[in-house]
Amino acid sequence: MSAHEEQDGGSAWAPLGNTGFALLWGATLVSNTGTWMHEVGAGWLMTTLAPSPVLVALVQAANTFPIFLFALFAGALADRVDRRRLLLVINALMLCVVALLTLLVHLQRLTPLLLLLFTLVLGTGAAFMAPAWQSVVPTLVPRAQLKSAVALNSLSVNISRAVGPALAGLLLGGVGLAAPFAANALSFVAIIAALLFWRPAPVAARQLPPEPLLSAMATGLRHVRHNHALRDTLTRTAAFAFFAAAYWALLPLIARTLPGAGAGFYGVLLGAVGAGAVGGALVLPRLRRKLAADWLVLYATLLTVPVLLAYAFADSGAALILASVLAGFGWITVLTCLNVSAQTALPDWVRARGLAVYMMVLFGSLALGSAFWGQVAAITSNAGALAGAAVLLAAMVPLTWHAKLGRAERMDLSPSAWWPSPAVADTLGDPGARGPVLVTITYTVAPHEEAEFLKAIHELSSARHRDGAWAWGIYQDLEHPEEWLECFQLASWHEHLRQHQRATTHDRGVQEAVQKFHRGGAPQVRHLAAPRRR
């Protein structure tokens, strides 16, 4: 193994040496192949039912918008329940929905509105499945292999993207419109079987009751707001996905622009996108060793600009196929870098919720972009919409360059478990449900160190918010100006105990940097809870 491989967690294929990852990776390859066959079938079916740019683009929007709508709730759910059971239930329900859709297509009873409704339902299932699935990945491989695991997951998606559309084109032309949907229904059987066979490592029993769902959602959003590394990733995600959505939404209509082109050529274009993505996934580990994520995303974004222009103005099948290969290469490069940046920015306790917000931004941008560029195409033309997307995507590069990727890759976000358990008087009983809770910490700081102390403690305030505090402040005693009072509030005593469990090793370093300015013994800490409601 080379030094580079050691630093990067081994070869690009190292995660497949972990049994659980290999099992689920193979099952998702089958499932994703079925999903792409389904999407090709749905996009092409809409062009036969109602060949309108708006309706065709709405198929893509209906598939992605539920992730924007439900992902945060799904992430909060995945952070508090058994993720394996959750995935089993969702996949079983989606199998039933796809089976019913297949029957309606076979009986020729499907309408454009019904197709959009089925797409919305399946998109909702994907919204509830995605945060749980994404948050499982870091538990299957060592942290050093996480980049390779994310890349392999993207490779799985794009192998299926190369194979699925080609198979769908063959089935649409040789069997019928219902065939891709039937194949997708069968693919759910593979993922259900893998989940039944997989036995995740046991987790420690909860010492505290699970968070209420609404409170968990608010905590997740607060964490994202104060997680600077994740916020930068979300900025870059939205800036790319909204404009790249133009070619995903209009690709069925692009395929129809060539005389004599049909479902088979649409499948060829999607297969070319998948082939380019597979090639990108294979060379990406080598590229990551030479270039930082920011530069990889920059070059891949600039590559997508001429792709959009080629889709707008190319008049030959060969040119469109070449553009599709380059589109796949750029897509896999950008999405893998963004996904790794989001994964590494999150500690385990909030991973599903944080990734849910990432997916909300990604798929929300795709959904809004699909609807927007479909409307622009209806008002102007396909070429006008694609050219406009290309120009604006290029303009976003300098506007978002300040948002850096991978800022948390070198941070240790494992639980530090260094906060001592807070003392509670025996006469109070269990204060777990009491709240809100106010925590105060008194520091004694030399006057000449005030400026550096305030700089350090404002960095600590972000950690307080990330771990559950909804209010924070720092105050100086006007009678004794060397004394400073830090205070923060949480919803309940249980939430403060969770804050103790959430504190990361990186946060410990931030807190120690603050405490080095304190003169005397340990800072005085007080815990105050609101009285019980009568």
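Residue positions are given per chain, counted from 1 along the sequence in the order it is written. Note on the predicted model: pLDDT of at least 70 is required for a residue's local features to be given, and 80 or more for side-chain atom pairs to be given and counted; whole-chain, interface and lining totals, by contrast, use all residues. No hydrogens and no water enter the side-chain calculation; it runs on all heavy atoms of the structure.

> It is not clear to me how the overall build of the chain should be interpreted in this structure. Could you clarify?
We count a stretch as a helix when DSSP gives it H or I for four or more residues in a row; a strand needs E for two or more, and each element gets its number in order from the N terminus. Across its full length, the chain holds 17 helices and four strands. Counting only C-alpha atoms, the chain reaches 85 × 50 × 45 Å along its principal axes. Per-residue burial over the chain gives 54% buried out of 534 residues. Charge-centre separation for the chain: the mean point of 37 positive side chains lies 9 Å from the mean point of 28 negative side chains. A simple rule labels every residue: compare its accessible area, found with a 1.4 Å probe on the protein chains alone, to the largest value its type can have, and call it buried under 20%, exposed over 50%, or partly exposed in between. Charged-residue counts in this description rest on Lys and Arg as positive and Asp and Glu as negative, His and the chain ends being excluded. For charged residues, the charge sits on one atom: NZ in Lys, CZ in Arg, CG in Asp, CD in Glu.

> Is there a simple way to explain empty space enclosed by the protein in this structure?
Take a probe with the size of a water molecule and roll it over the atoms, and the empty space left behind shows itself. Only protein atoms enter the calculation, which uses a 1 Å grid: trapped sets of points that fit a 1.4 Å probe without letting it out are cavities, open sets showing protein on both sides within 12 Å along at least five of seven lines are pockets, and any residue with an atom within 4 Å of a point is a lining residue. Grid points are joined across faces, edges and corners, and a volume is the space filled by probe spheres set on the points. Applying the stated rule across the entire model yields five cavities of 30 Å³ or more. The volume enclosed by the second largest cavity comes to roughly 110 Å³. Every residue along the wall of the second largest cavity is listed here: Arg236, Ala239, Phe240, Val297, Leu298, Thr301, Leu393, Met396, Val397, Thr400 and Trp401. Of all the secondary-structure elements, those providing two or more residues to the lining of the second largest cavity are helix 9 (228–256), helix 11 (293–313) and helix 14 (382–399). Ten residue types, Ala, Val, Leu, Ile, Met, Phe, Trp, Tyr, Cys and Pro, are classed as nonpolar, four, Asp, Glu, Lys and Arg, as charged, and the remainder, Gly among them, as polar. Looking at the lining of the second largest cavity residue by residue, the classes come out as eight nonpolar, two polar and one charged.

> I keep staring at the sheet that holds strand 3 (residues 483–490) and nothing clicks. Help me out?
Pairing in this open sheet of four strands is antiparallel, and the strands run 2-3-1-4 from one edge to the other. Looking at which strands have only one partner, the edges of the open sheet turn out to be strand 2 (471–476) and strand 4 (524–529). When the angles between neighbouring strand axes are averaged without regard to direction, this sheet yields 15 degrees. Paired strands are those between which DSSP finds at least two bridges. Both strand 1 (residues 437–444) and strand 4 contribute to a ladder of six bridges, which runs antiparallel. From the neighbouring strand, threonine 442 faces strand 4, where its bridge partner is glutamine 524. Between the N-to-C directions of two axes lies an angle of 0 to 180 degrees, each axis being a line fitted to C-alpha atoms and, for a helix, fitted only over the stretch in contact.

> Got a minute to help me understand the packing of helix 12 (residues 317–344) against helix 13 (residues 351–379) in this structure?
Between two packed helices, what matters for the description is the angle formed by their axes and the separation of those axes. The interhelical angle for the contact between helix 12 and helix 13, taken along N-to-C directions, is 150 degrees, at an axis separation of 10 Å. Considering the angle they form, helix 12 stands roughly antiparallel to helix 13. Helix 12 and helix 13 meet at a crossing whose hand is right-handed. Counting all contacts with helix 12, which are made through Trp331, Leu335, Leu338, Asn339, Ala342 and Gln343, the residues of helix 13 involved are Arg351, Leu355, Tyr358, Leu362 and Leu366. Looking at the contact of helix 12 with helix 13 residue by residue, the classes come out as eight nonpolar, two polar and one charged. Should an angle fall under 35 degrees it is called roughly parallel, over 145 degrees roughly antiparallel, and 65 to 115 degrees roughly perpendicular, with every other angle called oblique. Crossing handedness is defined as follows: a turn of the near helix away from the far one that is anticlockwise and smaller than a right angle gives a left-handed crossing, while the clockwise case is right-handed. In what follows, a contact means two residues having at least one pair of non-hydrogen atoms within 4.5 Å.

> Help me understand a nonpolar patch on the surface in this model?
Patch membership requires more than 30% relative accessible area and the absence of a salt bridge. Residues of like charge join within 9 Å; the nonpolar side chains Val, Leu, Ile, Met, Phe, Trp and Tyr join within 5 Å. Here the accessible surface of atoms and residues is derived via Shrake-Rupley with a 1.4 Å probe, and residues count as covered only by protein chains that are part of the display. For salt bridges, the criterion is a side-chain nitrogen of Lys or Arg within 4 Å of an Asp or Glu carboxyl oxygen. Among the surface-exposed residues, Leu113, Leu114, Leu117 and Leu120 lie close enough to one another that they form a single nonpolar patch of about 330 Å² accessible area. The residue leucine 117 is located in helix 5 (residues 112–140) in this model. With relative accessibility at 41%, the residue leucine 117 sits in the partly exposed group.

> I keep staring at the pattern of salt bridges and nothing clicks. Help me out?
Side chains that differ in sign of charge can pair as their charged atoms come close. Scanning all chains against the criterion turns up 13 salt bridges. Across the salt bridge formed by aspartate 232 and arginine 407, the nearest N and O atoms sit 2.7 Å from each other. With a gap of 175 residues between them, aspartate 232 in helix 9 and arginine 407 in the loop between helix 14 and strand 1 connect regions that are remote in the sequence. Relative accessible area serves as the criterion here: at 13%, aspartate 232 is assigned to the buried category. We classify arginine 407 as partly exposed; its relative accessible area is 44%. Salt-bridge contacts for arginine 498 lead to glutamate 495; the nearest nitrogen and oxygen are separated by 2.9 Å. Of this pair, arginine 498 and glutamate 495 both sit in helix 16 (residues 493–502), three residues apart, roughly one helical turn. Of the two residues, arginine 498 and glutamate 495, neither departs from the other in class, the shared state being buried.

> Any chance you could explain helix 15 (residues 450–466) here in plain terms?
Because the α-helix completes a turn every 3.6 residues, residues three or four places apart line up on one side. Here the expected length of a helix is defined as 1.5 Å per residue gap, with one fewer gap than residues. A rise of 1.5 Å per residue sets the reference length of helix 15, with its 17 residues, at 24 Å; its end C-alpha atoms lie 25 Å apart and thus fit the reference within 8%. All buried positions along helix 15 are accounted for by Phe453, Ala456, Ile457, Leu460, Ser461, Ser462, Ala463, Arg464, His465 and Arg466.

> What is the right way to read the pairing of strand 3 from this model?
Successive side chains on a regular strand alternate, one facing one side of the sheet and the next facing the other. Of the pairings in the sheet, the one linking strand 1 to strand 3 comprises eight bridges and is antiparallel in character. Note that in strand 3 the partner of threonine 440 across the bridge is cysteine 487. Taken together, the six bridges between strand 2 and strand 3 define a ladder with antiparallel strand orientation. Note that in strand 3 the partner of tryptophan 472 across the bridge is phenylalanine 488. Count of turn residues in the strand 2/strand 3 antiparallel hairpin: six residues.

> Is there a simple way to explain the packing of helix 2 (residues 19–49) against helix 7 (residues 179–197) in this structure?
For the pair helix 2 and helix 7, the least separation of the axes is 8 Å and the interaxial angle reads 160 degrees. Here helix 7 runs roughly antiparallel to helix 2, going by the angle between their axes. Taken as a pair, helix 2 and helix 7 cross one another with a handedness that is left-handed. In terms of residue class, the contact of helix 2 with helix 7 is made up of 15 nonpolar, eight polar and no charged.

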